[in-house]
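Okay, here's what each chain looks like letter by letter:
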Amino acid sequence: MYELFEHTADLGLRVRAADLDTLFAEAAACLFSAVVEDVGTVEPRTSVTVELAGTDREFLLFDWLRDLLLKSDEDHMVFGRFEVRVRDDGLTGTAWGEPFDAARHMLAHEVKAITYHELKVVRDGDGWLAEVIVDI
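Source: prediction; values computed, not measured.

How each quantity is defined
- Residues numbered from 1 in each chain as written.
- Predicted model: local features only at pLDDT ≥ 70, side-chain atom pairs only at ≥ 80, totals over all residues.
- Heavy atoms only, no water.
- Helix = DSSP H or I, 4+ residues; strand = E, 2+ residues; numbered from the N terminus.
- Rg over C-alpha atoms; globule rule 2.2 N^0.38 Å.
- Buried < 20%, exposed > 50% of the residue type's maximum accessible area, 1.4 Å probe, protein only.
- 1 Å grid on protein atoms, 1.4 Å probe; cavity = no way out; pocket = protein on both sides within 12 Å on 5 of 7 lines; lining within 4 Å.
- Points joined across faces, edges and corners; volume = space filled by probe spheres on them.
- Nonpolar A, V, L, I, M, F, W, Y, C, P; charged D, E, K, R; others polar.
- Pairing = 2+ DSSP bridges.
- Axes fitted to C-alpha atoms, helices over the stretch in contact; angles between N-to-C directions.
- Contact = heavy atoms within 4.5 Å.
- pLDDT = per-residue confidence, 0-100.
- Polar contact = N/O pair within 3.5 Å; in protein donor to acceptor, adjacent residues only side chain to side chain.

Colleague: So what exactly am I meant to see when it comes to the overall build of the protein chain here?
Modeller: Looking only at helices and strands, one finds two helices and eight strands in the protein chain. In summary, the protein chain has a C-alpha radius of gyration of 14 Å against a globular reference of 14 Å for 136 residues, a match within 12%. For the C-alpha atoms alone, the extent of the protein chain along its principal axes is close to 40 × 35 × 25 Å. Counting only residues that meet the buried cut, the protein chain has 48% of its 136 residues in that class.

Next comes the structure, spelled out in structure tokens:
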């Protein structure tokens, strides 16, 4: 489950999941639901794999989302499906999507950057909670 929330001139992403792998995948889905009005219009035509090293979960989440946003911007891609495996020493994530098509992909927000402001990845009862503020 994920949701967007207003945060001054920025936008907040709040994600809850039972495990870290799902949390990171849902965070990416939440990010692209902020970019594309209907992420269901994005077809999984091509994949991009991201390998990250690190032990800090907050920094891993930041780097994962930042890398996806950069790949989206550089390659004019939108993503709609994600798989992530979080390890003690990093993560491997795959995003599936396609080139941006203005006829099918209505843009919701221009996400300029992922921020460290109020970034968190914490245990929440039996699951996990992540919050990320993005600059729009």
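Right, picking up where we left off after that structure.
Colleague: Got a minute to help me understand the layout of surface pockets in this structure?
Modeller: Once rolled over the atoms, a probe with the size of a water molecule shows which space is left empty. Estimates place the volume of the largest pocket at around 390 Å³. Lining the largest pocket are 18 residues, and of these Val 35, Leu 69, Ser 72, Asp 73 and Val 111 lie nearest its centre. Secondary structure elements with two or more residues in the lining of the largest pocket: α2 (57–75), β4 (77–87) and β6 (113–114). For the lining of the largest pocket, the residue count by class is 11 nonpolar, three polar and four charged.

Colleague: Honestly, the sheet that holds strand β3 (residues 46–53) in this entry has me stumped. Any pointers?
Modeller: Within a beta sheet, neighbouring strands are joined by backbone hydrogen bonds and run either parallel or antiparallel to one another. Across the sheet, three strands lie side by side as β3-β5-β4; this open sheet has antiparallel pairing. Strand pairing shows two members of the sheet lacking a second neighbour, β3 and β4, which therefore form its edges. Across this sheet, the average inter-strand angle for adjacent strands is 20°, counted without regard to direction. As defined by bridge partners, β4 adjoins strand β5 (residues 90–99) across 10 bridges and the pair is classed as antiparallel. Paired with Phe 79 across the bridge in β5 is Gly 97. Contacting β4 and β5, helix α1 (residues 20–35) runs over the sheet at an angle of about 160° to β4. This element, α2, spans β3, β4 and β5 of the sheet and lies at about 145° to β3.

Colleague: Mind showing me how you'd approach the confidence of the model for the protein chain here?
Modeller: Regions with low pLDDT carry predicted coordinates that are not meant to be interpreted in detail. Here the protein chain averages 94 in pLDDT, while 96% of its residues score no lower than 70. In the model of the protein chain, strand β1 (residues 2–7) stands out as the element of lowest mean pLDDT, 68, in contrast to β5, which has the highest, 98.

Colleague: Just to check I follow, could you spell out the side chain of Glu 131 for this structure?
Modeller: Within the element layout of this structure, Glu 131 appears in strand β8 (residues 127–135). Overall, the relative accessible area of 13% leaves Glu 131 in the buried class. Here Arg 14 takes part through its side chain, which lies 2.7 Å from a polar atom of the side chain of Glu 131. Residues in contact with Glu 131, not counting those within four places in the same chain, are Leu 13, Arg 14, Glu 118, Leu 119 and Lys 120.

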